[in-house]
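Given next are the chains, with one letter for each unit.
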Amino acid sequence: MLARLAITLIAPIALFASTPAAAQADGIIRVRSGYSMPETIARIRQDVAAKGIMFFSEVDQAALAAGAGVKLRPSTLLTFGNPGLGTLFITAKPEAGLDWPVRLLVTEDDDGAVWAVYTDFKWIAARHGIRDRDSEFAMATRVIGSITAAVAAH
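Since this is a predicted model, take the numbers as computed values, not measurements.

A. How the structure looks around the confidence of the model for the protein. Per-residue confidence for the protein gives a mean pLDDT of 87; residues scoring 70 or more make up 84%. This stretch, residues 1-20, has a pLDDT under 50; its non-local contacts, to residues over four places away or in other chains, come to 24 contacts.

B. The arrangement of the sheet that holds strand E4 (residues 102-108) in detail. Pairing is antiparallel in the open sheet, where five strands are placed in the order E1-E5-E4-E3-E2. Either end of the sheet is taken by a strand with one partner, and the two such strands are strand E1 (28-32) and strand E2 (54-60). Going across the sheet, the axis of each strand differs from the next one's by a mean of 20°, ignoring polarity. As paired elements, E1 and strand E5 (residues 114-119) share five bridges and run antiparallel to each other. The partner of valine 31 across the bridge, within E5, is alanine 116.

C. Quick look at the packing of aromatic side chains. Considering all chains together, one arrives at four aromatic pairs under this definition. Ring geometry for phenylalanine 89 against tryptophan 100: centres 4.4 Å apart, planes inclined by 10°, an arrangement best described as stacked. Of this pair, phenylalanine 89 sits in helix H4 (residues 83-92) while tryptophan 100 sits in the loop between H4 and E4, and the two are eleven residues apart along the sequence. Here phenylalanine 89 falls in the buried class, since its relative accessible area comes to 0%. Taken together, a centroid distance of 4.0 Å and an interplanar angle of 40° make the contact between phenylalanine 89 and phenylalanine 137 tilted. Here phenylalanine 137 lies in helix H6 (residues 134-149) and phenylalanine 89 lies in helix H4, a separation of 48 residues in the sequence. Aromatic rings pair up to connect Phe89, Trp100, Phe121 and Phe137 into one cluster. Its end group placed over the ring of tryptophan 115, arginine 30 keeps NZ or CZ at 4.1 Å from the ring centre. Taking the ring centre of phenylalanine 55 as reference, the NZ or CZ of arginine 45 above it sits at 3.8 Å.

The rules behind these values
Residues numbered from 1 in each chain as written. Predicted model: local features only at pLDDT ≥ 70, side-chain atom pairs only at ≥ 80, totals over all residues. Heavy atoms only, no water. pLDDT = per-residue confidence, 0-100. Contact = heavy atoms within 4.5 Å. Pairing = 2+ DSSP bridges. Helix = DSSP H or I, 4+ residues; strand = E, 2+ residues; numbered from the N terminus. Axes fitted to C-alpha atoms, helices over the stretch in contact; angles between N-to-C directions. Phe/Tyr/Trp six-rings, centres within 6.5 Å; stacked < 30°, edge-to-face > 60°. Buried < 20%, exposed > 50% of the residue type's maximum accessible area, 1.4 Å probe, protein only. Lys NZ or Arg CZ within 6 Å of the ring centre and 35° of its normal.

Dropping the structure here:
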């Protein structure tokens, strides 16, 4: 079954292999977008759908903050993933469920630049002490690199 799952997961990935940005010491990867907040979110959602990845939620954190009387610059959290891949991390260590599904934050800084921000999968593996899913983490890294490449400023 794992071999069939690997073929199902790996075949489409080859179509969008990409080299992601380097992680900071805290495991955060920031990709500057070449688009506005709404366009960045729309492009990411479109790319996720085109890849057949499940989209789970879009949380407008700035709107939630405003409803609580707090001013927050634009910030939207997107969650998506491939259960066949993501759950492999959770089977390695149940606490890895804290980091799955994938979370991608789209935020605007004080200068108006829009960023796609996510946690590096190697950092997630180290955080949870997962040492037996290297190829799966590498695959997830290629996928998120491809998704963020769809909005990266050139």
